[in-house]
Amino acid sequence: MHLAAFLVNLTGVTYFIAWSYSFYIQLILNFKRKTTHGLSPDFVWVNPLGFLALTLWNWGAYFSPVARKQYQDRHHGHLPQVSTSDLVFSLHALIISAITLAQVFWYGYFRQLLSRQDPLAQISDETSPLISDSIPNSAAGDDNDSSNPVIFHSPIRPSPVAQLFLGGIVIFPFAYAIFVWTGKAQFLDWLYLVGNIKVVISAVKYIPQVVLNHRMRAVNGFAIGVIICDIIGSVLSFSQLVISSVFIDHDPSGIIANPAKLGLAGLSFTFDLIFIAQKYWLYRTKKDDDERI
């Protein structure tokens, strides 16, 4: 029991460090490059909303007496498998992902101001998350044509599809809250809904970045160090959930009863493998200096 408790604390701290550090890698990369070109705006817009959903689930399941009592009634007296590291991580991730979104606005708007003063600058469509097929040579570091400097402007708005998705994700929890208010659903059900929204967002948010990397034939704008830390965090987060549920609470069903944490770990790990394949196999380039931080 003491060993299991130690491992839960250890995996909680280490997964928090790994996942949290992964956010700073992207922040630093954006700052060093003074642009977010190559980073999908759909990804950046959806990410804070997903971590807001995760924060609501974690903090609600941990602090709400109503939700915890409803959970106990459904799981033979067991409590939700939400740890202190889950609370800290979700809130921290929400803050950092919001700052990354602010970088998209800052560098995108700043580049637009510069372009108005530079007649040689070519402006890409700021509303499109997918860059034209003419980008790969520049993204891959082809300096053969340096006579015509081009400033690629970071998109600052999500695509129309992403906007519809964001609208639906925001409206649905408010609509479902009516059922809770009228007594047709429990507060725990609403928290489960919010937690599952995080799972859906985790499944969807990486797709625009995968497509953008494919269109650019490069992964220059997306910090690959994020993926390495993400894999470590995914494995450790899942390990903590299993150890806590099986060896401490003796309730294996607690693994499935935390869909947000389980889904986040599994989906993150899956897409991490895709990004690694894109970076080191499909679209490998010789010029990756701006990825080193």
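Residues numbered from 1 in each chain as written. Predicted model: local features only at pLDDT ≥ 70, side-chain atom pairs only at ≥ 80, totals over all residues. Heavy atoms only, no water.

An unreviewed UniProt entry annotates the protein as Cystinosin originating from Cryptococcus neoformans. UniProt annotates the protein under Subcellular location (unreviewed entry) with the comment "Endomembrane system". (UniProt positions renumbered as here; feature names shortened; annotations may be inferred.)

Q: Can you walk me through the packing of aromatic side chains in this structure?
A: Where two aromatic rings form a pair, the distance of their centres and the angle of their planes describe that pair. In total, this model carries twelve aromatic pairs according to the counting rule given. Relative to Phe 105, the ring of Trp 45 has its centre 5.6 Å away and its plane inclined at 65°; by these criteria the two rings are edge-to-face. Highlighted residues: Trp 45 in helix H2 (residues 41–63) and Phe 105 in helix H4 (residues 84–117), separated in sequence by 60 residues. Residue Phe 105 is classed as partly exposed on the basis of its relative accessible area of 37%. When the ring of Phe 187 is compared with that of Trp 190, the centres are 6.0 Å apart and the planes differ by 10°; the resulting orientation is stacked. Taken together, the residues span about one helical turn, with Phe 187 and Trp 190 both in helix H7 (residues 187–216) at a distance of three residues. One aromatic cluster is present, formed by Tyr 15, Trp 19, Phe 23, Phe 51 and Phe 89 through successive ring pairs. (Phe/Tyr/Trp six-rings, centres within 6.5 Å; stacked < 30°, edge-to-face > 60°. Helix = DSSP H or I, 4+ residues; strand = E, 2+ residues; numbered from the N terminus. Buried < 20%, exposed > 50% of the residue type's maximum accessible area, 1.4 Å probe, protein only.)

Q: Looking at this structure, how should I read the UniProt feature "transmembrane region" (unreviewed entry) in the protein?
A: Taking the UniProt record as the reference, the feature "transmembrane region" (unreviewed entry) is found at residues 6–31, 43–67, 87–110, 161–181, 219–243 and 263–282. The straight-line gap between the two end C-alpha atoms of residues 43–67 is 31 Å; of that span, 96% is helix and 0% is strand. With 100% helix and 0% strand, residues 161–181 has its two end C-alpha atoms placed 31 Å apart.

Q: Can you walk me through the packing of helix H3 (residues 65–74) against H7 in this structure?
A: Packed helix pairs are specified by the crossing angle of their axes together with the interaxial distance, meaning the distance between the axes. At a minimum axis separation of 8 Å, H3 and H7 run at an interaxial angle of 95°. Here H3 is positioned roughly perpendicular relative to H7, judged by the angle of their axes. Residues Val 66, Ala 67, Gln 70, Tyr 71 and Arg 74 of H3 lie in contact with H7, whose contacting residues are Phe 187, Leu 188, Asp 189, Leu 191 and Tyr 192. Its residues placed into classes, the contact of H3 with H7 shows seven nonpolar, one polar and two charged. (Axes fitted to C-alpha atoms, helices over the stretch in contact; angles between N-to-C directions. Parallel < 35°, antiparallel > 145°, perpendicular 65-115°, else oblique. Contact = heavy atoms within 4.5 Å. Nonpolar A, V, L, I, M, F, W, Y, C, P; charged D, E, K, R; others polar.)

Q: Just checking my understanding: could you explain a nonpolar patch on the surface for this structure?
A: A cluster of nonpolar residues, Trp 59, Tyr 62, Phe 63, Leu 91, Ile 95 and Ile 99, forms a patch on the protein surface that exposes about 530 Å² of accessible area. Elements with a contribution of two residues or more to the nonpolar patch: H2 and H4. Here Ile 95 shows up in helix H4. Judged by relative accessible area, Ile 95 falls into the partly exposed class, the value being 47%. (Patch = residues over 30% accessible without salt bridge, like charges linked within 9 Å, V, L, I, M, F, W, Y side chains within 5 Å. Areas by Shrake-Rupley, 256 points an atom, 1.4 Å probe, with all protein chains shown as cover. Salt bridge = Lys/Arg side-chain N within 4 Å of Asp/Glu carboxyl O.)

Q: Just checking my understanding: could you explain the pattern of salt bridges for this structure?
A: Within the structure shown, the criterion is met by three salt bridges. For Lys 69, the salt bridge identified is with Asp 73, shortest N-O distance 2.9 Å. Of this pair, Lys 69 and Asp 73 are both found in helix H3, four residues apart, which corresponds to roughly one turn of the helix. Salt-bridge contacts for Arg 74 lead to Asp 189; the nearest nitrogen and oxygen are separated by 2.8 Å. Taken together, the residues Arg 74 in helix H3 and Asp 189 in helix H7 connect sequence positions 115 residues apart.

Q: I'm lost on the nonpolar core in this one. Help?
A: One recurring pattern in soluble globular proteins: nonpolar side chains tend to sit buried together. Counting residues in hydrophobic clusters, the biggest one holds 32 residues, and the most contacted among them are Phe 51, Leu 54, Trp 57 and Phe 89. Examining the composition of this core, we find that eight residues originate from one element, H7, more than from any other. The residues contacting Leu 54, other than those within four sequence positions of it, are Phe 89, Ser 90, Lys 198, Ala 260 and Leu 264. Core analysis: the next-biggest nonpolar cluster, separate from the first, contains twelve residues, Tyr 206, Val 210, Ile 231 and Phe 271 among them. (Core = buried A, V, L, I, M, F, W, Y, C linked by side-chain atoms within 4.5 Å.)

Q: What should I look at first to understand unusual backbone geometry in this one?
A: Excluding glycine, residues mostly have negative phi values, and the peptide bonds linking residues are mostly trans. Within the chain, Lys 34 stands out as a residue other than glycine whose phi angle is a positive 55°. In this structure, Lys 34 sits in the loop between helix H1 (2–33) and H2.

Q: Sorry if this is basic, but what is going on with empty space enclosed by the protein here?
A: Unoccupied space between atoms shows up once a probe the size of one water molecule is rolled over them. The full count for this structure, using the stated rule, is two cavities of 30 Å³ or more. By volume, the largest cavity is sized at about 270 Å³. Around the largest cavity sit 19 residues that line it, and Phe 23, Phe 43, Asn 47, Lys 205 and Val 226 are the ones nearest its centre. At the level of elements, H1, H2, H4, H7, helix H8 (224–248) and helix H10 (259–282) are the ones that each hand at least two residues to the lining of the largest cavity. Partitioning the lining of the largest cavity into residue classes produces eleven nonpolar, six polar and two charged. (1 Å grid on protein atoms, 1.4 Å probe; cavity = no way out; pocket = protein on both sides within 12 Å on 5 of 7 lines; lining within 4 Å. Points joined across faces, edges and corners; volume = space filled by probe spheres on them.)

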